[in-house]
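Letter by letter, the chains look like this.
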Amino acid sequence: VFNWVKKLIAFAPVAAIQVETVRFDTQKLQNPEISGVQYQQGELAGYEVREYLLEKWGRKCAYCEAENVPLEVEHIRPKSRGGSNRVSNLTLSCIPCNIKKGNRPVEEFLAHDPVRLNKLLAQAKQPLKDAAVVNTTRYATGNALKSFALPVSFWSGGRTKCNRIKQGYPKDHWLDAACVGQTGEQVYIPPTLKALQIKAVGRGSRQKCRMDRFGFPRTKAKQFKRIRGFQTGDIVKAVVTKGKKVGVHIGRVAIRTTGSFRVGQVDGINWRYCLVLHRADGYEYAPTS
């Protein structure tokens, strides 16, 4: 993340950094009245709770384990029988189970299935420590970004989802990134716009030579990192004008001292036909489908 922020700052005028640094706002989950109605009891607070419940209960009904159906937030102990709105008293239920349970205690509703009852009660008591660990890790990323001397603000995943749904954008990681924080409340994303997928693949192997299954060297150490100006991992374009490999080939190159390279899946291409499009930088690039 740190390295890519450096790259983006070099290419574009970045004025501020907004980080989706917490999966769930544990304060909103534990005490909806902790710091004022406007912050805690609005629509956003509901998103935080629903996101956490979906994660905690595996996106399925806690009573019948139905999946891929509409789910409702359900009080394990009904409010009419002294139940609270704390997240530890909330679960997810499909509509038929919610109607069937009504305001009965869960012990009565699942009396015929003690195994499921015990599992539900144990899962309901799970603390928020897992969410806290994730939050701490993401804050470490956010704090590292402060070294760029740019304003850095932190936002929750619930805020991102709220912004995205209000604007009618489908669920996707790169669309979520555009909807982070306050500036994500109103963003224009053209329907034809596609994201570039970037994957960290490293800069090759540090191993000097390959071993056989007994641990003995089966190749010699490479003498040259570059051959004819090319390095393994560079993205090249090869326009072959004669021979069996006639055509245009684009892909990552694997170099050899003989000057006969492999470009993508095509082997045996002479280095003279190759043109570097992008130097190897430890990342793999591909357009989204």
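About the criteria used
Residues numbered from 1 in each chain as written. Predicted model: local features only at pLDDT ≥ 70, side-chain atom pairs only at ≥ 80, totals over all residues. Heavy atoms only, no water. Helix = DSSP H or I, 4+ residues; strand = E, 2+ residues; numbered from the N terminus. Buried < 20%, exposed > 50% of the residue type's maximum accessible area, 1.4 Å probe, protein only. Contact = heavy atoms within 4.5 Å. Areas by Shrake-Rupley, 256 points an atom, 1.4 Å probe, with all protein chains shown as cover. Core = buried A, V, L, I, M, F, W, Y, C linked by side-chain atoms within 4.5 Å. Salt bridge = Lys/Arg side-chain N within 4 Å of Asp/Glu carboxyl O. pLDDT = per-residue confidence, 0-100. Phe/Tyr/Trp six-rings, centres within 6.5 Å; stacked < 30°, edge-to-face > 60°. Lys NZ or Arg CZ within 6 Å of the ring centre and 35° of its normal. Patch = residues over 30% accessible without salt bridge, like charges linked within 9 Å, V, L, I, M, F, W, Y side chains within 5 Å. Pairing = 2+ DSSP bridges. Axes fitted to C-alpha atoms, helices over the stretch in contact; angles between N-to-C directions.

What to know about the overall build of the chain
A count of helical and extended segments in the chain gives 10 helices and 11 strands. Looking at the chain as a whole, 33% of its 289 residues qualify as buried. Sequence-distant contacts in the chain: of pairs separated by 6 or more residues, those separated by 24 or more amount to 55%. When the accessible area of the chain is evaluated, it comes to approximately 18,700 Å², of which 55% is carbon and sulfur surface.

Some words on the nonpolar core
If you look at the biggest cluster of nonpolar residues, it comprises 20 residues, and the most contacted ones within it are Leu53, Trp57, Tyr63, Ile76, Val106, Leu110 and Leu120. Elements that contribute at least two residues to this core include exactly α4 (43-56), β3 (90-94), α6 (106-109) and α7 (114-124). In contact with Leu53, other than residues within four places in its own chain, are Val73, Val87, Leu90, Thr91 and Leu92. Core analysis: the next-biggest nonpolar cluster, separate from the first, contains 11 residues, Ile227, Ala238, Val240 and Val253 among them.

As for the pattern of salt bridges
Counted by the stated rule, this structure contains 11 salt bridges. In this structure, Asp113 engages Arg116 in a salt bridge whose closest nitrogen and oxygen atoms are separated by 3.2 Å. Judged by relative accessible area, which is 23%, Asp113 ranks as partly exposed. Between Arg256 and Asp267 there is a salt bridge; the shortest N-O distance is 2.9 Å. With Arg256 in the loop between β7 (247-254) and β8 (260-263) and Asp267 in strand β9 (residues 266-270), this pair connects stretches of sequence that are 11 residues apart. Note on Arg256: relative accessible area 31%, which makes it partly exposed. Overlapping salt bridges, with partners in common, bring together Glu65, Asp113, Arg116 and Lys119 in one network.

A look at the confidence of the model for the chain
Scored by pLDDT, the chain comes out at a mean of 83, with 84% of its residues at no less than 70. Across the chain, the element-wise mean pLDDT spans from 38 in helix α3 (residues 37-40) up to 95 in strand β6 (residues 235-240). In this model residues 31-42 is a low-confidence stretch, pLDDT under 50, and it forms 15 contacts with partners more than four residues away in sequence or in other chains.

A short note on the packing of aromatic side chains
Taken as a whole and judged by the stated rule, the model has 5 aromatic pairs. Taking 5.3 Å as the distance between ring centres and 85 degrees as the angle between the ring planes, the aromatic pair formed by Tyr63 and Phe109 counts as edge-to-face. Placement of Tyr63 in the loop between α4 and β2 (71-75) and of Phe109 in helix α6 is noted, with a sequence separation of 46 residues between them. Cation over ring: Lys7 sits above Trp4, and NZ or CZ is 5.3 Å from the ring centre.

Some details on a nonpolar patch on the surface
A cluster of nonpolar residues, Val239, Val248, Ile250, Leu275 and Leu277, forms a patch on the protein surface that exposes about 470 Å² of accessible area. Taken together, the elements giving at least two residues each to the nonpolar patch come down to β7 and β10 (274-278). The residue Val248 is located in strand β7 in this model.

Focus on the sheet that holds β7
Across the sheet, which stays open at both edges, the 5 strands sit in the order β9-β8-β7-β6-β10 with antiparallel pairing between neighbours. At either end of the open sheet lies a strand with only one pairing partner, and these are β9 and β10. Across the sheet, the axes of successive neighbouring strands diverge by a mean angle of 45 degrees, strand direction being ignored. The sheet contact formed by β6 and β10 spans 4 bridges and is antiparallel. Note that in β10 the partner of Ile235 across the bridge is His278.

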